Number of protein chains: 2
Amino acid sequence: MTDARPDSNGAGAARGPGRRPGPTETREKILAAARDLFAEKGYDGTSLRAIARTAGVDPALVHHFYGTKDGVFIEAIRFPVDPAALLGRAASFPKERFGELMVRTFLEVWGDDERRRPLLGMLRSAMTNEQAAALLREFVTSALFSRAGKATGAPQLPLQAAAGQMIGLMILRYVVRVEPIASASEDELVELVAPTIQRYLTSS
Amino acid sequence: MTDARPDSNGAGAARGPGRRPGPTETREKILAAARDLFAEKGYDGTSLRAIARTAGVDPALVHHFYGTKDGVFIEAIRFPVDPAALLGRAASFPKERFGELMVRTFLEVWGDDERRRPLLGMLRSAMTNEQAAALLREFVTSALFSRAGKATGAPQLPLQAAAGQMIGLMILRYVVRVEPIASASEDELVELVAPTIQRYLTSS
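Predicted, not measured: the structure shown is a model, and the values here were computed from it.

Draft legend 1. Representation of the pattern of salt bridges in the model. Tallied over the entire structure, the rule returns 24 salt bridges over all chains. Note that Lys41 of chain B and Glu40 of chain B form a salt bridge whose closest N and O atoms lie 3.9 Å from each other. By relative accessible area, Glu40 of chain B is classed as exposed at 58%. Via salt bridges that share partners, Arg97, Glu100, Arg104, Glu186 and Asp187 of chain A belong to a single interconnected network.

Here it is in structure tokens:
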């Protein structure tokens, strides 16, 4: 992706003299700064302004490239779903099919090797490392669960039970790969699990 | 635990001369052989007889100490639940409370640091390593799911959906530790999730 906006960051030494850093390099610099800050200070402790300062760029540029803090986070850790886009998609779905939408979305994301990898990386890190667990916790709380609560009207506890259902199912299907869940078709899984999700999202 | 049976294994050099290896050492030797074989050949590819041979002991002794192959496996990897004992417990439970029993059992095991650790270790390994994933897959297929199917009469697909619900819930509660699921009481979680499990186990 190219961007016509002038690059506010003057340092381009790594690419040799006579060449101004392009938007790609500036983006990489911002993401590197973001990764450092998120790892060091956690999700809640990191601001868009601090990311810009660490990257040596104008905050307006970070905002221009990534929108909000969770936009930067999603790119920095290669989180394979944009929660804002997903919830936008949910808004155009009839409420009585939220369960199905959730099952199909998880299958789409986890069924793709490239998109599954960063999710497994985050989970694995959270299993060994309290700092990684805290980062994941803060991100899912702010960027996923609180938004999903607003979008669906469901309380947090059943919402998290629904997420738990999907996460565990994905682990059995794509990590442990136990049969018959590993080979079940998307439609079989929708039929099996969507009613559970639907009840969690709409029963209270 | 002491055992009066004479030790059929004559090698005790590691503990110095003049001392015959006790049952504890023999057990350790069997478990070490089992760990090697399970890692190398998988769960299905390892027999009780091969474990005995590798440990240099009589197969009858392995059987005497651990009963069956899954008894050895459970001890070797410190799997924190004995499926046979658990299913025995289920047999004395009214069928309409299987959902509750399953939720309470998962909370009891995962709520205990010492018992949670080997489960997380297995999951983490399965996330990075195909050999570890295969071992876990074969074990849960033979020792957990097929037995649970017989005990409950539930088909494998809903049984695995139920297991997925519990595994994902445990990850959100004890690994990611997201609120409110991390602080919810056992009774709240039973109320929230047991009906889901119950439906999976009994609806078909």
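Once the structure has been displayed, the description carries forward.
Draft legend 2. Main features of the interface of chain A and chain B. If you look at the interface, chain A gives 40 residues, while chain B gives 40 residues. When chain A packs against chain B, close to 3400 Å² is buried across both sides, 70% of that on carbon and sulfur atoms. For the pair chain A and chain B, the number of links is 2 salt bridges. The partner of Glu130 of chain A in a salt bridge is Arg177 of chain B, and the shortest N-O contact between them spans 2.6 Å.

Draft legend 3. Focus on the relation of the copies chain A and chain B. For the match of chain A to chain B, the screw axis carries a shift of 0.0 Å, the RMSD comes to 0.0 Å, and the turn is 180°. Read as a symmetry element, the transformation amounts to a two-fold axis. Comparing contact sets, 100% of the residues at the interface of chain A also lie at the interface in chain B, consistent with an isologous, same-surface contact.

Draft legend 4. Main features of the domain arrangement of chain A. Residue and element names in this part refer to chain A. Under the domain assignment, chain A is made up of domain 1 (23-77) and domain 2 (83-202). Averaged C-alpha coordinates put domain 1 and domain 2 at centres separated by 26 Å. In this assembly, 10 residues from domain 1 lie in contact with 10 residues from domain 2. Carbon and sulfur atoms make up 66% of the surface buried where domain 1 meets domain 2, a total of about 850 Å² over both sides. For the domain 1 face of the interface with domain 2, the top three residues by lost area are Tyr43, Phe73 and Ile77, together amounting to 48%. Counting the contacts that link domain 1 with domain 2 gives 1 salt bridge.

Draft legend 5. Quick peek at the UniProt feature "domain: HTH tetR-type" (unreviewed entry) in chain A. Residues given the UniProt feature "domain: HTH tetR-type" (unreviewed entry) here are residues 24-84 of chain A. Annotated as residues 24-84 of chain A, this span is 72% helix and 0% strand, and its ends, taken at the C-alpha atoms, are 23 Å apart.

Draft legend 6. Broad picture of the environment of Ala163 of chain B. Relative to the helices and strands, Ala163 of chain B resides in helix α9 (residues 156-175). On the basis of relative accessible area, Ala163 of chain B is assigned to the buried category, the value being 7%. Along the backbone, Ala163 of chain B and Tyr200 of chain B are 37 residues apart, and their C-alpha atoms lie at a distance of 9.7 Å. Apart from residues no more than four positions distant in its own chain, Ala163 of chain B is found in contact with Leu172 of chain A together with Met102 and Phe145 of chain B.

Draft legend 7. Structural detail: the confidence of the model for chain A. All names here are of chain A. Overall, the prediction assigns chain A a mean pLDDT of 85, with 89% of residues at 70 or greater. The model gives residues 1-16 a pLDDT under 50, and that stretch makes 28 contacts with residues more than four places away or in other chains. If you check the scores for this complex, the pTM reads 0.81 and the ipTM reads 0.80.

Draft legend 8. Summary view of helix α9 (residues 156-176) of chain A. Residues and elements named next belong to chain A. Between the first and last C-alpha of α9 there are 28 Å, a value that for 21 residues agrees with the 30 Å anticipated at 1.5 Å per step. Burial analysis of α9 places 20 of its 21 residues in the buried class, the great majority of the element. Phi for Arg177, located one or two positions after α9, is positive at around 55°.

Rules used in this analysis
Residues numbered from 1 in each chain as written. Chains lettered and ligands numbered in written order. Predicted model: local features only at pLDDT ≥ 70, side-chain atom pairs only at ≥ 80, totals over all residues. Heavy atoms only, no water. Salt bridge = Lys/Arg side-chain N within 4 Å of Asp/Glu carboxyl O. Buried < 20%, exposed > 50% of the residue type's maximum accessible area, 1.4 Å probe, protein only. Contact = heavy atoms within 4.5 Å. Buried area = accessible area lost by both parts, 1.4 Å probe. Least-squares fit on C-alpha atoms with pLDDT ≥ 70 in both. Domains from an automatic or database assignment. UniProt positions renumbered as here; feature names shortened; annotations may be inferred. Helix = DSSP H or I, 4+ residues; strand = E, 2+ residues; numbered from the N terminus. pLDDT = per-residue confidence, 0-100. Expected span 1.5 Å × (residues − 1).

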